[in-house]
Amino acid sequence: MDAILDYMEKYDYENLFLCQDRALNFKAVIAIHDTTLGPATGGCRMWNRYAGEMDAIEDALRLARGMTYKYAAAGVNLGGGKAVIIGDPQRQDREPVFRALGKFINRLGGKYITGEDVGTTLEDMAYIRMETEYVVTLPTYLGGAGDIAPMTAFGTLRAMQACCNRVYGSDGLEGKRVVVQGLGAVGHNIVAQLHEAGAKMVVTDIDSAKVAAMVSRYGVEQVEPAAIYDVEGDIFCPCALGQVINDATLSRLKCKIICGSANNQLAEEHHGDVLEEKGMVYAPDYITNAGGTIYDTDRLGVGGVSHARGKEKVSRIYANMLRVFEIADRDQIPTYLAADRMAEERIRQIAEVKKYVDDLKP
Ligand code: NAD
């Protein structure tokens, strides 16, 4: 990115806010992409491995746009935003940093709502909450939903069921062989839920203790991390890194379905075209992994967490996936493009609804 405003014009961003405090050694970016559906919402990332500040700004902008699509496709009435604190994620003096961010967010008066992301924790969110109400992903003792990874896992399972319906003609996961990469917060919950559903699993993680725990608890098979792409199965479930569908892995993958929680699974968009050509069903990542944020943000505007209501909304990821397939068939396009189209169609339609004036005073 060479010119910020040109980039913002290209993808139709609304705002970009830069925040700094010299005494606190605090630098942050808040990007707002689109608020057609509701306040811009998206987590706060803390990261320092940027080549320069333009990189950090681009990251915030790109992630904010991703959130617009995620909420729109999920049927949630929120827009897309993201914050990036340019700083060491291991930084120890967290209270002043996150309270400072809270102050800046509060100035935006609810136009942006933040939450947890890479490099930040629920406790960091509690510091932000000291300065502003515009934060989700809070611990339960502050009225939040607490750990949302189990709901991200549940949403991914619902997406898997929709994919099985497309490929095998029925939703059942019983007896399906699922190849799981990454056994962290989401991955280990997916293994637990798949076990419950009667699936068989082959798992891997670079952390051997996590693998050992899953093997002893659920009797799953294990392989070395580098061998995971060669495993034959029904579903490949990436729950570790992004960009795992790439030139090197595409020819190795042997599953009919790719459905996992990892963000940015396609290294480049054309890899989604190749999956389509190979007859593999790709469940677009931002559809499958929306469960946590659907559950987390459900309390906004309706007052308070309801497990039953939140889980029911996450469950709709199944229907969202079926709609993606419908659009893919209708327009003869790969699923990753169909998901974008589904999101864009909803934003256009709701913008149309919103043009009617509620308050008829001139
Ligand atoms: P996590 O850090 O808890 O777990 C990631 C796991 O992947 C770790 O156990 C790590 O050891 C393992 N790993 C890293 N590199 C690996 C490799 N090369 N091979 C095998 N395993 C490897 O993260 P998480 O919260 O479970 O998230 C997993 C993915 O899902 C991430 O891409 C994340 O962005 C995405 N996601 C998570 C949530 C959520 O609710 N936590 C929501 C949406 C998307």
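Residues numbered from 1 in each chain as written. Predicted model: local features only at pLDDT ≥ 70, side-chain atom pairs only at ≥ 80, totals over all residues. Heavy atoms only, no water.

Quick notes on a negative patch on the surface
Using the following cut-off: Distance thresholds for patches are 9 Å for like charges and 5 Å for nonpolar side chains (Val, Leu, Ile, Met, Phe, Trp, Tyr), applied to residues having over 30% relative accessible area and no salt bridge. Working definition of accessibility: Shrake-Rupley area with a 1.4 Å probe, residue cover restricted to the visible protein chains. One speaks of a salt bridge when a side-chain nitrogen belonging to Lys or Arg is within 4 Å of a carboxyl oxygen belonging to Asp or Glu. All tallies of charge rest on Lys and Arg as positive and Asp and Glu as negative; His and the ends of each chain are not included. For charged residues, the charge sits on one atom: NZ in Lys, CZ in Arg, CG in Asp, CD in Glu. In DSSP terms, a helix is any run of H or I states spanning at least four residues, a strand is any run of E spanning at least two, and both are numbered starting from the N terminus. Think of it in three bands: residues with accessible area under 20% of the maximum for their type are buried, residues over 50% are exposed, and the middle band is partly exposed, with areas taken using a 1.4 Å probe on protein chains only.
Taken together, Asp2, Asp6, Glu9 and Asp12 make up a surface patch of like negative charges. Its location among the elements puts Asp6 in helix H1 (residues 4-10). Residue class for Asp6 comes out exposed when judged on its relative accessible area of 51%.

A few points about helix H14 (residues 335-354)
Under the convention used in this document: A helix's residues, less one, multiplied by 1.5 Å, set its expected span. By the convention used here, residues are in contact when the closest approach between their heavy atoms is within 4.5 Å.
For H14, which comprises 20 residues, the first-to-last C-alpha distance of 29 Å matches the rise-based estimate of 28 Å (1.5 Å per residue) to within 8%. Considered for burial, the residues of H14 that qualify are Thr335, Tyr336, Ala338, Ala339, Asp340, Met342, Ala343, Glu345, Arg346 and Ile347. If you follow the buried residues of H14, they end up packed against strand E2 (26-34), helix H2 (53-74), helix H9 (269-277), strand E12 (281-282), helix H10 (285-288) and helix H13 (317-331).

Quick look at the site of the ligand
Counted only if it meets this: We define proximity as follows: a residue is near a molecule or strand when any one of its heavy atoms falls within 4 Å of that partner. The term polar contact refers here to a pair of N or O atoms within 3.5 Å; inside protein, the definition further demands a hydrogen-donor-capable atom paired with an acceptor-capable atom, and it admits residues adjacent in sequence only when both atoms are side-chain atoms. Classes in brief: Ala, Val, Leu, Ile, Met, Phe, Trp, Tyr, Cys and Pro nonpolar; Asp, Glu, Lys and Arg charged; the others, Gly included, polar.
Around the ligand, 18 residues are found, and the nearest of them are Thr152, Ala185, Val186, Asp205 and Lys210. Ala185 places a polar main-chain atom, nitrogen or oxygen, 2.9 Å from an oxygen atom of the ligand. Lys210 has a polar side-chain atom sitting 2.7 Å from an oxygen atom of the ligand. Across the complex, the protein chains shield 72% of the 840 Å² of accessible surface that the ligand would expose by itself. In terms of residue class, the shell around the ligand is made up of 10 nonpolar, 6 polar and 2 charged.

Observations concerning the nonpolar core
Where we set the bar: Throughout, nonpolar core names a set of buried Ala, Val, Leu, Ile, Met, Phe, Trp, Tyr and Cys residues whose side chains join them through atoms within 4.5 Å. What fixes the domain bounds is an automatic or database domain assignment.
In this structure, Met160, Val178, Val180, Ile190, Leu194 and Ile287 are the most contacted members of the largest nonpolar core, which totals 61 residues. No other element matches helix H5 (residues 149-168), which puts 10 residues into this core. Both domains that meet at this core, namely domain 1 (4-68 + 78-141) and domain 2 (149-291 + 318-343), each give it at least three residues. Discounting chain neighbours no more than four positions away, the residues touching Met160 are Leu173, Val178, Ile190, Leu194, Ile235, Cys237 and Cys259. With 22 residues, the next largest nonpolar core counts Cys44, Met46, Ala100 and Ile128 among its residues.

Some words on the environment of Val76
Looking at the element boundaries, Val76 is found in the loop between H2 and strand E5 (79-86). Classification of Val76 by relative accessible area gives buried; the value is 13%.

A short note on the side chain of Thr297
On the secondary structure map, Thr297 appears in helix H11 (residues 291-297). Once you skip the residues sitting within four places of it in the chain, Thr297 turns out to touch Thr41, Tyr71, Val76, Leu78 and Val136.

Topic: the packing of aromatic side chains
Rule in force here: Pairing of aromatic side chains here covers Phe, Tyr and the six-membered ring of Trp, requires ring centres within 6.5 Å, and sorts the geometry by plane angle: under 30 degrees stacked, over 60 edge-to-face, intermediate tilted. Definition used: whenever NZ (Lys) or CZ (Arg) falls within 6 Å of the ring centre and also within 35 degrees of the ring normal, the charge is taken to sit over that ring.
By the definition in use, this model includes 5 aromatic pairs. Each ring, one from Tyr69 and one from Tyr286, has its centre 6.4 Å from the other, and the planes form 75°; the classification is edge-to-face. Taken together, the positions of Tyr69 in helix H2 and Tyr286 in helix H10 put the pair 217 residues apart, joining distant regions of the chain. Tyr286 matches Tyr69 in its accessibility class, with the two residues each being buried. Following the ring pairs from residue to residue traces out a cluster consisting of Tyr7, Tyr11 and Tyr13. Stacked on the ring of Phe154, the Lys or Arg Lys311 has its end atom at 4.8 Å from the ring centre.

What about the packing of H2 against H14?
To be explicit about the condition: Interaxial angles span 0 to 180 degrees and are taken between N-to-C directions of axes, which are lines fitted to C-alpha atoms, for helices over the stretch in contact. If an angle is under 35 degrees, it is roughly parallel; if it is over 145, roughly antiparallel; if it lies from 65 to 115, roughly perpendicular; otherwise it is oblique.
Close contact between H2 and H14 brings their axes to 8 Å; oriented N to C, the two are set at 80°. With respect to H14, the element H2 is oriented roughly perpendicular. Only Asp340, Met342, Ala343, Glu344, Arg346 and Ile347 of H14 make contact with H2, whose side of the interface consists of Thr68, Tyr69, Tyr71, Ala72 and Ala73. For the contact of H2 with H14, the per-class residue count stands at 7 nonpolar, 1 polar and 3 charged.

Some remarks on the domain arrangement of the protein
Each assigned domain of the protein is listed with its residue range as follows: domain 1 (4-68 + 78-141) and domain 2 (149-291 + 318-343). Centre-to-centre separation of domain 1 and domain 2, based on C-alpha positions: 29 Å.

Describing the packing of helix H3 (residues 94-107) against helix H4 (residues 122-129)
To keep it simple, the criterion reads: For any helix crossing, the convention is left-handed if the near helix is rotated counterclockwise from the far helix by under a right angle, and right-handed if that rotation is clockwise.
Across the interface, H3 lies against H4 with an axial gap of 7 Å and an inter-helix angle of 55°. With respect to H4, the element H3 is oriented oblique. With respect to the hand of their crossing, H3 and H4 are arranged in right-handed fashion. Facing H3, whose interface residues are Arg94, Glu95, Phe98, Arg99, Leu101 and Gly102, H4 presents Asp124, Tyr127 and Ile128. Here the contact of H3 with H4 is built from residues that sort into 4 nonpolar, 1 polar and 4 charged.

A few points about the environment of Ile235
Within the element layout of this structure, Ile235 appears in strand E10 (residues 232-238). Taking the relative accessible area as the measure of exposure, Ile235 reaches 0% and is therefore buried. Taking the C-alpha atoms as reference, Ile235 lies 35 Å from Ile32; in sequence the two are 203 residues apart. With near-sequence residues (within four places) excluded, Ile235 lies in contact with Met160, Cys164, Leu173, Arg177, Val178, Val179, Cys255, Ile257 and Cys259.

Examining the pairing of strand E11 (residues 254-258)
For clarity, the threshold we go by: Strand pairing requires that DSSP identify at least two bridges connecting the strands.
Here 4 bridges tie E10 to E11, and the two strands are oriented parallel to one another. Note that in E11 the partner of Gly233 across the bridge is Cys255.

Side note on H9
As a reminder of what qualifies: Along the arc lie the directions from the helix axis toward the C-beta atoms.
Residues His271, Gly272 and Leu275 constitute the buried set of H9. Projected down its long axis, H9 carries its buried residues within an arc of 105°, all on one side. Facing away from the buried surface of H9 by more than 90 degrees, the exposed residues are Glu269 and Glu277. Lining the buried residues of H9 we find helix H8 (247-250), E11, E12 and H14.

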